[in-house]
Amino acid sequence: MKYILALKILIFSANMLFAQSRGIEARKEMNEAESYLKQGDARNLARYFNETIEISIEGKKQNYSRTQAEFVVKDFFSKNPPIPESFESYHRGQSSGLSYSIVKYASSNGNYRVFLKVKTSPQGRNIIDALDFIRE
């Protein structure tokens with residue numbers, strides 16, 4: 001009986017450590033994605049895109065493949081060059097199994113509130129499933 005209880009405690013502890021390390025990894029991935037957004041780096045930001053991603057720019061919403069989405073975001077960045085020192089992270093959270101981040105993307109053509117909707121892939125990676133640019 002003692003061995004079963006000890007085994008249950010050991011399994012519970014291992015699960016807690018895994019969950020904590022996954023949370024740390026998720027924050028690291030989100031920080032990296034936000035950093036690429038801040039820099040206007042579409043190529044590296046696209047590494048975090050889902051196979052298909054929904055992108056909305058000023059209310060025009062469309063689904064794209066990862067490759068197409070990279071070009072769409074690159075075009076957005078070229079038309080709205082970032083001002084990295086004005087970039088702000090407003091909020092991060094989770095809802096209904098999805099994580100999200102809300103940031104301020106400042107450009108020479110105006111400011112945008114950007115919503116990054118993130119989900120966990122079957123392989124355990126956090127991937128951007130939707131990206132919304134809303135002019136402030």
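Everything that follows concerns the structure shown earlier in this document.
A short tour of the structure in this document, coming up.

Counting secondary structure elements, the protein chain contains three helices and six strands. For the protein chain, the succession of helices and strands along the chain, N to C, is α-α-β-β-α-β-β-β-β. In the protein chain, buried positions account for 34% of the 136 residues. Counting contacts in the protein chain only where the partners sit at least 6 residues apart, residues at least 24 apart contribute 46% of the total.

Before going further, it helps to spend a moment on the packing of aromatic side chains. The full count for this structure, using the stated rule, is seven aromatic pairs. Grouping aromatic residues by their ring pairs yields a cluster made of Phe76, Phe77, Tyr105, Tyr112 and Phe133.

Once that is clear, we can look at the nonpolar core. Nonpolar side chains tend to gather and get buried jointly when the protein is soluble and globular. Core analysis: the largest hydrophobic core is formed by 27 residues, its most contacted members being Leu37, Leu45, Phe49, Val114, Ile128 and Leu131. No other element matches the five residues that helix α3 (residues 66-79) contributes to this core. In contact with valine 114, not counting residues within four places along its chain, are Leu37, Ser101, Ile102, Val103, Tyr105, Leu131, Asp132 and Phe133.

Next up on the list: the pairing of strand β6 (residues 126-135). Most of β6 is tucked away, with seven of its 10 residues classed as buried. Sheet analysis places strand β1 (residues 49-57) next to β6, joined by five bridges and oriented parallel. Along β6, the bridge assignment pairs glutamate 54 with alanine 130. Sheet topology places strand β5 (residues 110-120) next to β6; nine bridges connect them, and they run antiparallel. Along β6, the bridge assignment pairs threonine 120 with asparagine 126. Between β5 and β6, which pair antiparallel and follow one another directly, the connecting turn spans five residues, one of which, glycine 124, has a positive phi of 95 degrees.

A word on the sheet that holds β6. Taken together, the six strands give an open sheet; going across it, the order is β2-β1-β6-β5-β4-β3, and neighbouring strands pair in mixed fashion. The sheet is open, and its two borders are formed by β2 (60-65) and β3 (88-95), each paired with just one other strand. Pairwise comparison of adjacent strand axes, ignoring direction, gives a mean angle of 15 degrees for this sheet. Of the strands in this sheet, β1, β2, β4 (98-107), β5 and β6 are in contact with α3, which crosses β1 at around 35 degrees.

Turning next to the pattern of salt bridges. A complete count under the given rule lists eight salt bridges for this structure. For glutamate 54, the salt bridge identified is with lysine 61, shortest N-O distance 3.8 Å. Residue glutamate 54 is classed as partly exposed on the basis of its relative accessible area of 24%. Looking at lysine 61, the relative accessible area reads 53%, which means it is exposed. Between lysine 79 and aspartate 75 there is a salt bridge, with its nearest N and O atoms 3.1 Å apart.

What counts and how
- Residues numbered from 1 in each chain as written.
- Predicted model: local features only at pLDDT ≥ 70, side-chain atom pairs only at ≥ 80, totals over all residues.
- Heavy atoms only, no water.
- Helix = DSSP H or I, 4+ residues; strand = E, 2+ residues; numbered from the N terminus.
- Buried < 20%, exposed > 50% of the residue type's maximum accessible area, 1.4 Å probe, protein only.
- Contact = heavy atoms within 4.5 Å.
- Phe/Tyr/Trp six-rings, centres within 6.5 Å; stacked < 30°, edge-to-face > 60°.
- Core = buried A, V, L, I, M, F, W, Y, C linked by side-chain atoms within 4.5 Å.
- Pairing = 2+ DSSP bridges.
- Axes fitted to C-alpha atoms, helices over the stretch in contact; angles between N-to-C directions.
- Salt bridge = Lys/Arg side-chain N within 4 Å of Asp/Glu carboxyl O.

Keep in mind that these numbers describe shape and distance, not what the molecule does.
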